[in-house]
Every structure is written in C-alpha cells, then in structure tokens.
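Structural overview for review
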Amino acid sequence: MPFATDLALLAEGRRYAALPQVRLLEAIAVEGSITRAAKAAGVSYKTAWDMVDAMNNLSPEPLVTRAAGGRGGGGTQLTEAGHALVKVYRAIEAEQHRMLAALHLDDVPATLDLLRRFRTMRTSARNQFLGRISAIRTGAVNDEIELELAGGARLVAIITSDSRASLGLEVGGEAIALVKASSIMVATGLGDALLSARNQLTGIVASLTPGAVNTEVVIDLDGGNSVCAIVTHDSAERMALAVGQQATALFKASQVILAVAA
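A few points on the structure. (Residues numbered from 1 in each chain as written. Predicted model: local features only at pLDDT ≥ 70, side-chain atom pairs only at ≥ 80, totals over all residues. Heavy atoms only, no water.)

Take the pattern of salt bridges next. Under the counting rule described, the total for this entry stands at 14 salt bridges. Close ionic contact of Glu26 with Arg90 constitutes a salt bridge, the shortest N to O distance being 2.8 Å. Placement of Glu26 in helix α1 (residues 19-31) and of Arg90 in helix α4 (residues 80-103) is noted, with a sequence separation of 64 residues between them. With its nearest N and O atoms 3.1 Å apart, the salt bridge here joins Glu146 to Arg154. For Glu146, a relative accessible area of 16% gives the class buried. By relative accessible area, which is 41% here, Arg154 ends up partly exposed. Overlapping salt bridges, with partners in common, bring together Arg137, Glu144, Glu146, Glu148, Arg154 and Arg198 in one network. (Salt bridge = Lys/Arg side-chain N within 4 Å of Asp/Glu carboxyl O. Helix = DSSP H or I, 4+ residues; strand = E, 2+ residues; numbered from the N terminus. Buried < 20%, exposed > 50% of the residue type's maximum accessible area, 1.4 Å probe, protein only.)

So this is what it looks like as structure tokens:
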C-alpha cells in the first residue's frame, strides 16, 4: 500500500473499534491473559484495560470477559461478540485495501487526511456509557433524561431543554453519557443511606491504581460496563478499598454530559 488508512468500525453511527483495539482483541483471543495481550499489542497493562472498558461500555453486549479474581488475576477472553467484531473488521479491512489499491489517484492520501479530521467524537471524559433513553421529564428550563445501561443500571442526566431538542432525544433512542472520573465519588457500606446524588452505580472493585497523589478506582458493573473514579490516597485508605470489594460510584445528574451519533 502506498499510503496508510484509518479504518474504524461503526454501527448505527457509533465508533466501536479501530486498529489498535482490534489488535488488542486478537491478542486477548490468543493469549487468554490481559498482561500478555497488552505486551503483544504494544500497550501498557493499564492502557489495555482502559481500551477494554471503553469498548465494553460502548457495546450493546460485552466484547471481553474476565474470570473472578479482578484485574490482577484470572483469565481474560473474548465473547462471541468480540470474536465477531474482529472477524468483521478484518474482512472490511481487506476489502478496503483492495478498493484503495485500485483507485490509482494521486490525491488519495490528502483526501484521507482530510477525512480523518471528521472522525467520530473523541473526548477526555474517562467514563462513556451507551444507554437507551427510558424516560424524559421536561421542565421550564432543564430536562431530566434517564438512560438504561446494559445490565439494567439507570443513569440520570440533567440538561437544558434546548440541548434535549437539538440532540433530538426521544424515549427509546440511544445516547452516550460522558462523566469525568474526577466528578465521581466512591462509597462503601451505604446500606439504606439516603443521598442527594441521583446516580448510584454499585459493583465490584476491579482495580486500584495509585498515582502520585490520587488513586484510580475501577468498579465493574453488571452487563459488562465499568466506571472509573479518581479519589485521594487518604480516602482510599480510610475506606480500606480492596479489589473484589463491593463499592458504589456516586455522581450528580448535572455532572453528566449527553452525546448522540450525528
């Protein structure tokens, strides 16, 4: 090939995976271990899990599953959906290469560079959840949008009425919820406690990654989703957070940004 292409798989306007993600999925299928797969794909262990979590959160069903024991133990394998995604990507990639090789146009590289500028949205928000709109409650200025995530968890966002109209949000439609990890609090042992935070996602702590000041906490949810929070070291130690422990991610509805496929 005289030039490189940037192929990304989309379904109903949503970007699921590009070449780096597919290479990682292929490595997981071969190695059965996220540690060995990350090395084979040329990414760090943490980056590999970040990629897996992002794909699982944006997919209607999980692409990767892990055995009990958290991120430090157990095996990792592709689901049927994961194998199907890899197969479809490679088939489309082969057809794309044949098509581009037959074009023989001098301006193809420049055109492809231009098209790359209009790729599907990228965002710095660590948490991205694909959900189906289950309810919309309208107000004088703001509207409350409820999303149902894979696994049955509910997520609520508050946006302006104008934003809801411009996004074309309707019950039954799909939307992506974006939440910064720094906006999420982590709690344990809530019991019947009443909290003002509308969003309370409970799951199992999958990993704890300490940094210079803060600790990254990843909580696995039902349905293959996961949520990432950034807490201080003192908070993590005070709560005695540990992999395998039940914990709840808390965040306000006003801290959720909604997006839809254009």
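Still more to cover.
What follows concerns the side chain of Asn127. Turning to its location among the elements, Asn127 is positioned in strand β5 (residues 127-137). Apart from residues lying up to four places away in sequence, Asn127 is in contact with Ala177, Leu178, Val179, Lys180, Ala181, Ile184, Ser226, Val227 and Cys228. (Contact = heavy atoms within 4.5 Å.)

So, about the pairing of strand β7 (residues 154-160). Judged from the 7 bridges that link them, strand β6 (residues 142-149) and β7 form a sheet pairing that is antiparallel. Among the inter-strand pairings, Asn142 is bridged to a residue of β7, identified as Thr160. (Pairing = 2+ DSSP bridges.)

What follows is about the packing of α1 against helix α2 (residues 34-41). Orientation of α1 relative to α2, taken along the N-to-C sense of each, is 135°, at an axis distance of 8 Å. Judged by the inter-axis angle, α1 sits oblique to α2. Like other packed secondary-structure pairs, α1 and α2 cross with a definite hand, here right-handed. Between α1 and α2, the contacting residues are Arg23, Leu24, Ala27, Ile28 and Glu31 on the first element and Ile34, Arg36, Ala37, Ala38, Ala40 and Ala41 on the second. Class assignment for the residues of the contact of α1 with α2 results in 8 nonpolar, no polar and 3 charged. (Axes fitted to C-alpha atoms, helices over the stretch in contact; angles between N-to-C directions. Parallel < 35°, antiparallel > 145°, perpendicular 65-115°, else oblique. Left-handed = near helix turned anticlockwise from the far one by under 90°. Nonpolar A, V, L, I, M, F, W, Y, C, P; charged D, E, K, R; others polar.)

Here the focus is the packing of α1 against helix α3 (residues 45-58). Their axes nearest at 11 Å, the elements α1 and α3 cross at an angle of 105°. As far as their axial angle goes, α3 and α1 are roughly perpendicular. Across the interface between the two elements, Pro20, Gln21, Leu24, Leu25 and Ile28 from α1 touch Ala48, Met51, Val52 and Met55 from α3. A per-class count over the contact of α1 with α3 returns 8 nonpolar, 1 polar and no charged.

Turning next to the sheet that holds β6. Strand-to-strand pairing in sheets goes through backbone hydrogen bonds, with the strands running parallel or antiparallel. Taking strand neighbours across the sheet as the criterion, the 5 strands line up as β7-β6-β5-β8-β14 in an open arrangement whose pairing is antiparallel. Bordering the open sheet on either side are β7 and β14 (257-259), each of which pairs with just one other strand. Each strand of the sheet is rotated relative to its neighbour by a mean of 45°, with strand direction disregarded. Relative to β6, β5 runs antiparallel, the two being bridged by 6 bridges. When the sheet's bridge partners are listed, Arg132 is paired in β6 with Glu148.

Attention shifts here to the sheet that holds strand β13 (residues 246-251). Reading across the sheet, the 5 strands line up as β9-β13-β10-β11-β12 and stay open at both edges, with antiparallel pairing between neighbours. In this open sheet, the two edge strands, each paired with only one partner strand, are β9 (185-187) and β12 (226-232). Each strand axis lies, on average, 45° off the axis of its neighbour in the sheet, ignoring direction. As defined by bridge partners, strand β10 (residues 199-210) adjoins β13 across 6 bridges and the pair is classed as antiparallel. The residue of β13 that forms the bridge with Gly203 is Ala247.

Coordinates in, geometry out; function isn't part of it.
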